[in-house]
Amino acid sequence: MGEVEHCNRLNSLSNSVFELVSSKGKYVLRLPSSYAQTLVDRHAELTNLTAAASDGLTVQPLYFEPETGVMLSPFVEVSGQTPEPKQLGAVLARLHSLQSGFEINRDLAGWVYRLLEAEKLSRLQRNRVAATFESLKGAEHWRESRIVPCHWDVTADNCLVTENGVLLIDWEYSAKGPRAWDLAYASLELGYSAEQEAEFIAAYAVGSEKQSNISDEVAEMKVSCDLVSALWAFGQQTDPALNQDLKEFGQTRLERAERHLDALNL
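K.L.:
Looking at this structure, how should I read the sheet that holds strand β3 (residues 25–31)?
P.N.:
Picture the strands of a sheet paired through backbone hydrogen bonds; they go either parallel or antiparallel. In spatial order, the strands read β1-β2-β3-β5-β4; together these five strands make up an open sheet with antiparallel pairing. Of all the strands in the sheet, just β1 (4–10) and β4 (63–64) have a single pairing partner and so form its edges. Direction of pairing for β3 relative to strand β5 (residues 71–74): antiparallel, over a ladder of four bridges. Note that in β5 the partner of L29 across the bridge is L72.

If you want it as C-alpha cells, here you go:
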C-alpha cells in the first residue's frame, strides 16, 4: 500500500477505524476493541465476509489477521445516503439466500443469556431484560423464523450506498440465525416508518410467501433486537478504551423493547 501520507479517524461506536491515504490509494484500517474480542469469532468473521464478498455483498479485505481481528480493506467511495427500503430488502434477500460459508449458527436465546451473564448490569437492568425476554417466549412467530446467513448488525453506518449498489460492512457478529433478526434490526436502526417497513419487506419477500408472515416475525423480533442492543451498550461502558457513555443509549433501547412487547398484547 506504500507509505502512509494521511490518517483520518472514522466514526465507529466500538472499534478504532482509520482512513489511510498513501501514494498507492486509500484504505480502511480496523483495530478491534477489547470488548469485541470476548464475543467475536474472527475465523468465522473472515469466512462469512469472504462468502458475502463472493456474491458482491461486501468488499474482500486486503489483509485480515484472525488472531487479533486487525483488518485492512480498500476504501469505498460512497454517496453518503442511506439505502432505500427496496434496495436494502433486495440485498438482505441475496444474503439470506447464500449457500456457502456461515458455518456457525447463533442461537438467539443463548446469545441473550450469554450477554446477560457477561455484562456488568445493575440488578434492576438485569431483571428488566430477563423479564422482557421471558415474556417474549409467549409469542410464536419469531421462534419459527427461518435460519439463514445473517449479518446481525445492519445499521445505517454499515450500509454503504455506492454507484454500483449497496454494500454491507462490519461482519464481526455475522452468523447463521433467524432471518427476522436482520429485518427487524435494520428496520429499527434505519428508523423505518410503517410504510417504509412494508416496502422493505415487500422487496425482501420471495416466491409466494405472504408478506404478513414476515411482518409478524419482524414485529416480535424487534423486542429481542432492542434487548441485545441494550446489553451491548451496557457492556461497552466497561471498556476503558471507549469514550462514549452508552448508558443512555442502552436505557433507551431497553425502554423501546418493553414498549414493543406491550404492543404485541401477548
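K.L.:
Quick question: what am I supposed to make of the packing of helix α8 (residues 211–236) against helix α9 (residues 247–264) here?
P.N.:
Their axes nearest at 8 Å, the elements α8 and α9 cross at an angle of 160 degrees. Of the possible angle classes, the one that applies to α8 and α9 is roughly antiparallel. By crossing handedness, the relation of α8 to α9 is classed as left-handed. Note on element contacts: α9 touches α8 through K247, F249, G250, Q251, R253, L254, R256, A257, H260, L261 and L264, opposite A219, E220, K222, V223, D226, L227, S229, A230, W232, A233 and F234. Residue composition of the contact of α8 with α9, by class: 12 nonpolar, four polar and six charged.

K.L.:
How should the pairing of β5 be read in this particular structure?
P.N.:
Regular strands show a simple pattern: their side chains alternate between the two faces of the sheet. When β4 meets β5, the two strands line up antiparallel, connected through two bridges. The partner of F64 across the bridge, within β5, is M71. Where β4 folds back onto β5 in an antiparallel hairpin, the turn is made up of six residues, including G69, whose phi is positive at roughly 85 degrees.

K.L.:
Where do I start with the packing of aromatic side chains in this structure?
P.N.:
Pairs of aromatic rings are described using the distance from one ring centre to the other and the angle between the two planes. As enumerated under the stated definition, the model contains eight aromatic pairs in all. With a centroid separation of 6.3 Å and an interplanar angle of 70 degrees, the aromatic rings of F102 and W171 are classed as edge-to-face. Here F102, found in the loop between α3 (85–95) and α4 (108–118), pairs with W171, found in the loop between β8 (165–168) and β9 (175–178); they are 69 residues apart in sequence, far enough to count as distant. Taken as a pair, F102 and W171 share a single burial class, namely buried. On the numbers, 5.6 Å between centres and 85 degrees between planes, the contact of Y113 with F133 is edge-to-face. Residue Y113 is located in helix α4, and its partner F133 is located in helix α5 (residues 123–136); the two are separated by 20 residues in the primary sequence.

What counts and how
Residues numbered from 1 in each chain as written. Predicted model: local features only at pLDDT ≥ 70, side-chain atom pairs only at ≥ 80, totals over all residues. Heavy atoms only, no water. Pairing = 2+ DSSP bridges. Helix = DSSP H or I, 4+ residues; strand = E, 2+ residues; numbered from the N terminus. Axes fitted to C-alpha atoms, helices over the stretch in contact; angles between N-to-C directions. Parallel < 35°, antiparallel > 145°, perpendicular 65-115°, else oblique. Left-handed = near helix turned anticlockwise from the far one by under 90°. Contact = heavy atoms within 4.5 Å. Nonpolar A, V, L, I, M, F, W, Y, C, P; charged D, E, K, R; others polar. Phe/Tyr/Trp six-rings, centres within 6.5 Å; stacked < 30°, edge-to-face > 60°. Buried < 20%, exposed > 50% of the residue type's maximum accessible area, 1.4 Å probe, protein only.

The analysis is restricted to geometry; functional conclusions fall outside its scope.
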